[in-house]
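Here are the chains, one letter per residue:
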Amino acid sequence: MAVLARGHEVLAVGGANLPGLPIDAAAQKKAMAIQCDLTEDHALDRIAFDYYPDAIINCAALSSQAAVEAQPELAEKLNVALPRRLAQIANHLNSPLLHLSTDFVFDGDSGPYRSTDVPMPRTLYGQLKLMAEKEVLRYGGDTVVVLRITVVNGNSPSGKRSLHEKLFHSLMANKPVTLFSDELRQPVSSVNVADVLTELIERPNLHGLFHWAGPDTLSRYEIGQKILRHFGLPDNLVQPALSADQPDAHTRPRKLEFILPPLLGKLKAQPTPFDQQLDELLVPTACQEWYQRTRVTTGSAQPATRRLVQGKDF
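The structure presented is a predicted model; accordingly, all values stated were derived computationally and were not measured.

**Structural notes on the overall build of the protein**
Phase 1: Of the regular secondary structure elements, the protein holds 11 helices and 12 strands.
Phase 2: Taken over the C-alpha trace, the protein has a radius of gyration of 20 Å; the compact-globule value for 314 residues is 20 Å, and the two agree within 12%.
Phase 3: Sequence separation of at least 24 residues holds for 74% of the intrachain contacts in the protein that already meet a minimum separation of 6.

Here's what the structure looks like:
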């Protein structure tokens, strides 16, 4: 964790799952993980006033569009009410609040987007995240940061949530994988986002609404191909498709690109190129046997030993 590496202590608060922590940090009592009901104001208040955090980072959200549509009440609680309450708490404690938002607040028709551009979300998820931005900026005081980021590339604690992990699990289940060649994103490294958040904690003079992303604009299909090649797998395991041909095409943002200044010129951290992001990826634990077998079957000769242990930190 970048925050720990810079000498800060961390209290990681999770909802449904207990957050994973580096073993050495927990042993040194520099990090602690607890669970609470993130939809319950009293639980949040109790934690805040028990520990009096110097800064609060909110990464919690119901981020799947399908999940948001299936559970709109829960989505409103986690994606809007939770950040609003955290902003109120942060303002009361006089603590900075860093809130993560999304590129889905834009419609994808007229990018690349500046942080000053007018958002026009196409989806319920994007609408709720935009509402959260407004609530956080309204209630959080003068030290709030809203950081919009793009699709995150990295290793999740469950080994099932990130780009390459979903791809591995689908292929292992023999599910045909088609990826859109006409939806463009700027994948950002989870490690890089953590570095940026850590620097923002240490730079209280930087506050307001900012954009952050990787430097490379790629289609989902190109992302899938690059991941497969990196792990020594045939890139024909994924096939291209057009989102414009899908029944829900009207709700799908086609081109979500960010203009990163002014934040880019104010930080030491710089966006990580996608090819370098690939070096951070690990084969999910549940997919290791399938991965080894597939590499042998397809005649891959690329070494992959260092990628065979799923990381427990995110």
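Having seen the model, we can carry on.
**Comments concerning the sheet that holds strand β4 (residues 97-102)**
Phase 1: Taken in spatial order, the four strands line up as β3-β4-β5-β10 in an open sheet, and their pairing is parallel. The strands lining the two open edges of the sheet, one partner per strand, are β3 (56-58) and β10 (208-211). Averaged over all pairs of adjacent strands, the angle between their axes in this sheet comes to 20 degrees, without regard to strand direction.
Phase 2: With four bridges connecting them, strand β5 (residues 144-149) and β10 associate as parallel partners. When the bridges of β10 are listed, Arg148 appears paired with His211.
Phase 3: Against the sheet, helix α6 (residues 124-139) engages β4, β5 and β10, with an angle of about 155 degrees to β4.

**Regarding the environment of Ala173**
Phase 1: Here Ala173 lies in the loop between α7 (163-172) and β7 (177-180).
Phase 2: Relative accessible area serves as the criterion here: at 43%, Ala173 is assigned to the partly exposed category.
Phase 3: Expressed as a C-alpha distance, the spacing of Ala173 and His207, which sit 34 residues apart in the sequence, is 45 Å.

**So, helix α8 (residues 190-202)**
In an α-helix, one full turn covers 3.6 residues, which means residues spaced three or four apart are oriented alike.
Phase 1: The first and last C-alpha atoms of α8 sit 19 Å apart over 13 residues, in line with the 18 Å expected at 1.5 Å per residue.
Phase 2: Turning to α8, its buried residues are Ser190, Asn192, Val193, Val196, Leu197, Thr198, Glu199 and Leu200.
Phase 3: Among the residues of α8, the N-terminal cap falls to Ser189, whose side-chain oxygen and the backbone nitrogen of Val191 are separated by 3.1 Å.

**Examining the packing of α7 against helix α9 (residues 220-230)**
Phase 1: Relative orientation of the contacting elements α7 and α9 amounts to 75 degrees, with a least axis distance of 10 Å. Here α7 lies roughly perpendicular to α9, going by the angle between them. Contacts between α7 and α9 involve Leu163, His164, Leu167, Phe168 and Leu171 from the former and Ile223, Gly224, Ile227 and Leu228 from the latter.
Phase 2: Split by residue class, the contact of α7 with α9 holds seven nonpolar, two polar and no charged.

**With respect to α6**
Phase 1: Along its 16 residues, α6 runs 23 Å from first to last C-alpha, staying within 8% of the 22 Å computed at 1.5 Å per residue.
Phase 2: Those residues of α6 not exposed but buried are Tyr125, Gly126, Leu128, Lys129, Leu130, Ala132, Glu133, Glu135 and Val136.
Phase 3: Against the buried residues of α6 lie α4 (65-70), α5 (72-93), β4, β5 and β10.
Phase 4: At the C-terminal side of α6, Gly141 shows a positive phi close to 85 degrees.

**Overview of the side chain of Gln186**
Phase 1: Secondary-structure assignment places Gln186 in the loop between β8 (184-185) and β9 (188-189).
Phase 2: Gln186 gets classed as buried once you look at its relative accessible area, which sits at 5%.
Phase 3: Filtering out sequence-adjacent residues up to four positions away, Gln186 remains in contact with Thr150, Val151, Ala213, Gly214, Pro215, Asp216, Thr217, Leu256, Glu257 and Phe258.

**A few points about the pattern of salt bridges**
Phase 1: In the structure shown here, the tally under the stated rule is 14 salt bridges.
Phase 2: As a salt-bridge pair, Arg220 and Glu183 come within 2.8 Å of each other at their nearest N and O atoms. Of this pair, Arg220 sits in helix α9 while Glu183 sits in the loop between β7 and β8; the two residues are 37 residues apart in sequence, bridging distant segments of the chain.
Phase 3: With relative accessibility at 24%, the residue Arg220 sits in the partly exposed group.
Phase 4: Overall, Glu183 belongs to the buried group, its relative accessible area being 3%.

**What to know about the pairing of strand β1 (residues 10-14)**
Phase 1: Across the two faces of β1 the burial differs, with Val10, Ala12 and Gly14 buried and Leu11 and Val13 not buried at all.
Phase 2: Direction of pairing for β1 relative to strand β2 (residues 31-35): parallel, over a ladder of five bridges. Paired with Ala12 across the two strands is Ala33, which belongs to β2.

**A few points about the packing of aromatic side chains**
Phase 1: Applying the stated criterion across every chain, the model contains eight aromatic pairs.
Phase 2: With a centroid separation of 4.1 Å and an interplanar angle of 15 degrees, the aromatic rings of Phe106 and Tyr113 are classed as stacked. Assigned by exposure class, Phe106 and Tyr113 land together as buried.
Phase 3: A centroid spacing of 5.2 Å and a plane angle of 80 degrees characterise the contact between Phe168 and Phe231, whose relative ring orientation is edge-to-face. In this pair, Phe168 sits in helix α7 while Phe231 sits in the loop between α9 and β12 (238-241), placing the two residues 63 residues apart along the sequence. Residues Phe168 and Phe231 agree in their burial class; the two are buried.
Phase 4: In this structure an aromatic cluster arises from ring pairing among Phe168, Phe231, Trp290 and Tyr291.

Rules of the game
- Residues numbered from 1 in each chain as written.
- Predicted model: local features only at pLDDT ≥ 70, side-chain atom pairs only at ≥ 80, totals over all residues.
- Heavy atoms only, no water.
- Helix = DSSP H or I, 4+ residues; strand = E, 2+ residues; numbered from the N terminus.
- Rg over C-alpha atoms; globule rule 2.2 N^0.38 Å.
- Contact = heavy atoms within 4.5 Å.
- Pairing = 2+ DSSP bridges.
- Axes fitted to C-alpha atoms, helices over the stretch in contact; angles between N-to-C directions.
- Buried < 20%, exposed > 50% of the residue type's maximum accessible area, 1.4 Å probe, protein only.
- Expected span 1.5 Å × (residues − 1).
- Polar contact = N/O pair within 3.5 Å; in protein donor to acceptor, adjacent residues only side chain to side chain.
- Parallel < 35°, antiparallel > 145°, perpendicular 65-115°, else oblique.
- Nonpolar A, V, L, I, M, F, W, Y, C, P; charged D, E, K, R; others polar.
- Salt bridge = Lys/Arg side-chain N within 4 Å of Asp/Glu carboxyl O.
- Phe/Tyr/Trp six-rings, centres within 6.5 Å; stacked < 30°, edge-to-face > 60°.

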